[in-house]
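As a plain string of letters, each chain reads:
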Amino acid sequence: MQLEIRNYYEVLLMEMLRDEGLMEELPEEYLADLCCVTLNQLPVRYSCHLVGT
């Protein structure tokens, strides 16, 4: 059995970075650091399905 549990804000952050074109512009290590810093300042919201949020 494989569970699909995600941090809701992680999904939103990735969408935002993609929409702004930053996924292609910035180095991978910088993006990882940026995501960690950003997500650590947001409340944690886990969901099994994005529809549930």
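Keep in mind that what you see is a predicted model, and the values were worked out from it rather than measured. Residue numbers here run from 1 along each chain, matching the order of that chain's written sequence. In keeping with the model being predicted, local features are shown solely for residues with a pLDDT of at least 70 and side-chain atom pairs are shown and tallied solely at 80 or more, while totals for entire chains, interfaces and linings include all residues. Calculated side-chain values reflect all of the structure's heavy atoms, with hydrogen atoms and water omitted.

(A) Expanded view of the overall build of the protein chain. Secondary structure is summarised from DSSP: a helix means a run of H or I of at least four residues, a strand means a run of E of at least two, and numbering begins at the N terminus for each. From N to C terminus, the protein chain includes 3 helices and 2 strands. Its helices and strands taken in sequence order, the protein chain reads β-α-α-α-β from the N to the C terminus. If you line up the protein chain on its principal axes, its C-alpha atoms span 35 × 20 × 20 Å. A total of 53 residues make up the protein chain; the buried ones form 17% of that total. The classification of residues rests on relative accessible area computed with a 1.4 Å probe and restricted to protein chains. Under 20% of the type maximum is buried, over 50% is exposed, and intermediate values are partly exposed.

(B) Inspection of the environment of A32 at higher detail. Note on placement: A32 falls in helix α3 (residues 28–40). Taking the relative accessible area as the measure of exposure, A32 reaches 40% and is therefore partly exposed. The spacing of A32 and Y46 is 14 residues in sequence and 20 Å in space, taken between C-alpha atoms.

(C) Quick look at a nonpolar patch on the surface. Patch membership requires over 30% relative accessible area and the absence of a salt bridge. Like charges are linked within 9 Å, and nonpolar side chains (Val, Leu, Ile, Met, Phe, Trp, Tyr) within 5 Å. Working definition of accessibility: Shrake-Rupley area with a 1.4 Å probe, residue cover restricted to the visible protein chains. For this analysis, a salt bridge means a side-chain nitrogen from Lys or Arg found within 4 Å of a carboxyl oxygen belonging to Asp or Glu. A surface patch of nonpolar side chains, amounting to about 660 Å² of accessible area, comprises M1, L3, I5, V44 and Y46. On the secondary structure map, Y46 appears in strand β2 (residues 46–47). Looking at Y46, the relative accessible area reads 59%, which means it is exposed.

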